[in-house]
Amino acid sequence: DTTVKQNPRYKLARVGKPVNLICSQTMNHDTMYWYQKKPNQAPKLLLFYYDKILNREADTFEKFQSSRPNNSFCSLYIGSAGLEYSAMYLCASSSWNNQDTQYFGPGTRLLVL
Amino acid sequence: QQKVQQSPESLTVSEGAMASLNCTFSDRSSDNFRWYRQHSGKGLEVLVSIFSDGEKEEGSFTAHLNRASLHVFLHIREPQPSDSALYLCAEGTGSKLSFGKGAKLTVSP
């Protein structure tokens, strides 16, 4: 089973409110990623967990948090949503080596009003 | 500047006609290159991964990598209307990927 699952699939949030997105995989992958994708833009890596080590990209360091309570689950947390957070959020997982493919979930479409 | 550039931005082909997409990358030392596609409202589906110069075929998808010219192509043989989607190229170093913006392919019946 190469399925990556994401919940919820759609999320409506108010400006200033927190948002928590969930991702899970059962492939025993050691690495899980979160990307943000806006229309007509490339998917942008926000952060990734290698095992229990969180790596956040420098330009989004303060905007997103994440937790990984176990190997299968990873969350993306926005403490105070702004309009600019409206996007598709894609979770992916892989084994951390040069050759392995990242498998993507269906995404969560977040709309901030 | 975008690390990975894709062209064309959109392409329309007739059902059964070969479709070709181009990706230009900036780092010859990248480990791997992958083509993904995204149907509207869906996640990314990996189509083909390629690690060395030459061709790699996966079903109706063929990737062609030329590191010297910094290009990786995707050829879609006999595309169907169901292949209409956004096609994304990604270059990888280790497991970190940098994506292009994508190319919208429309296959008309």
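Preceding block: the structure.
What about the side chain of Thr 101 of chain A?
- Along the chain, Thr 101 of chain A falls in the loop between β9 (87-94) and β10 (103-104).
- With residues near it in sequence (within four places) discarded, Thr 101 of chain A still touches Ser 93 and Ser 94 of chain A together with Arg 34, Tyr 36, Val 46 and Ser 49 of chain B.

Re the state of the cysteines
Residue and element names in this part refer to chain A.
- Scanning the entire structure with this criterion turns up two disulfides over all chains.
- For Cys 23, the disulfide goes to Cys 91, at an S-S distance of 1.9 Å. Across the S-S bond linking Cys 23 and Cys 91, the dihedral sits near -75 degrees, which makes this disulfide left-handed. A residue pair is termed long-range when its members are at least 10 positions apart, and Cys 23 in strand β3 (residues 19-25) and Cys 91 in strand β9 qualify at 68 residues.

Describing the interface of chain A and chain B
- Listed as interface residues are 26 residues of chain A and, on the opposing side, 22 residues of chain B.
- Counting each side, the surface lost to burial between chain A and chain B is near 1,700 Å², with a carbon and sulfur contribution of 54%.
- For the pair chain A and chain B, the number of links is zero salt bridges.
- Along the contact surface separating chain A from chain B lie three residue pairs in polar contact (both at pLDDT 80 or more).
- Partitioning the side of chain A that touches chain B into residue classes produces eleven nonpolar, ten polar and five charged.

Notes on the packing of aromatic side chains
- One pass over the full model with this rule turns up ten aromatic pairs over all chains.
- For the ring pair Tyr 35 of chain A and Phe 99 of chain B, a centre distance of 5.5 Å and an interplane angle of 90 degrees mean the geometry is edge-to-face. Of this pair, Tyr 35 of chain A sits in strand β4 (residues 31-37) while Phe 99 of chain B sits in strand β10 (residues 96-99), each in a different chain. The pair Tyr 35 of chain A / Phe 99 of chain B is uniform in exposure class, with both members buried.
- Ring geometry for Phe 64 of chain A and Tyr 85 of chain A: centres 5.4 Å apart, planes at 70 degrees, overall edge-to-face. In this pair, Phe 64 of chain A sits in the loop between β6 (53-56) and β7 (65-70) while Tyr 85 of chain A sits in the loop between β8 (73-78) and β9, placing the two residues 21 residues apart along the sequence. A single burial state applies to Phe 64 of chain A and to Tyr 85 of chain A, both of which are buried.
- Taken together, the ring pairs connect Tyr 33, Tyr 35, Phe 48 and Phe 104 of chain A together with Tyr 36 and Phe 99 of chain B into an aromatic cluster.

A look at the pairing of β8 of chain A
All names here are of chain A.
- Pairing of β3 with β8 involves six bridges; the strand directions are antiparallel. By the bridge assignment for β8, Val 19 is matched with Ile 78.
- Joining the antiparallel neighbours β7 and β8 is a turn of two residues.

A closer look at the sheet that holds β7 of chain A
Residues and elements named next belong to chain A.
- Reading across the sheet, the four strands line up as β1-β3-β8-β7 and stay open at both edges, with antiparallel pairing between neighbours. Of all strands in the sheet, those bounded by a partner on one side alone are β1 (4-7) and β7. Going across the sheet, the axis of each strand differs from the next one's by a mean of 20 degrees, ignoring polarity.
- The pairing of β1 with β3 spans four bridges and is classified as antiparallel. Its bridge partner lying in β3, Lys 5 is registered against Ser 24.

Cut-offs used in this document
Position numbers for residues count from 1 along each chain, tracking the sequence in the order it is written. Here the convention is simple: chains get letters from A, ligands get numbers from 1, in the order in which they are written. With the structure being a predicted model, the display of local features is reserved for residues of pLDDT at least 70 and the display and counting of side-chain atom pairs for 80 or more, all residues being used for whole-chain, interface and lining totals. Side-chain figures throughout are based on the complete set of non-hydrogen atoms in the structure, without hydrogens or water. In this text, helices come from DSSP runs of H or I with a minimum length of four residues, and strands from runs of E with a minimum of two, each type numbered from the N-terminal end. Residues are treated as being in contact if the distance between any of their heavy atoms lies within 4.5 Å. Count a disulfide wherever a pair of cysteine sulfur atoms falls within 2.5 Å. Note on definitions: buried area is the accessible-area loss of two parts on being combined, 1.4 Å probe, summed for both. The rule for a salt bridge is simple: a side-chain nitrogen of Lys or Arg has to be within 4 Å of a carboxyl oxygen of Asp or Glu. What qualifies as a polar contact is a pair of N or O atoms within 3.5 Å, subject to a donor-acceptor requirement within protein and to the restriction that residues adjacent in sequence count only when both atoms come from side chains. All amino acids are sorted into three groups, where Ala, Val, Leu, Ile, Met, Phe, Trp, Tyr, Cys and Pro are nonpolar, Asp, Glu, Lys and Arg are charged, and the leftover types, Gly among them, are polar. Only the six-membered ring of Trp is used, alongside the rings of Phe and Tyr, when aromatic pairs are assigned; centres must lie within 6.5 Å, and planes under 30 degrees apart are stacked while those over 60 apart are edge-to-face, with the rest tilted. Burial here depends on accessible area, computed with a 1.4 Å probe over protein chains only, as a share of the maximum for the residue type. Under 20% is buried, over 50% is exposed, and the range in between is partly exposed. Strand pairing follows a simple DSSP-based rule, namely that at least 2 bridges must link the two strands. Think of each axis as a best-fit line through the C-alpha atoms, taken over the contacting stretch in the case of a helix, with angles from 0 to 180 degrees between the N-to-C directions.

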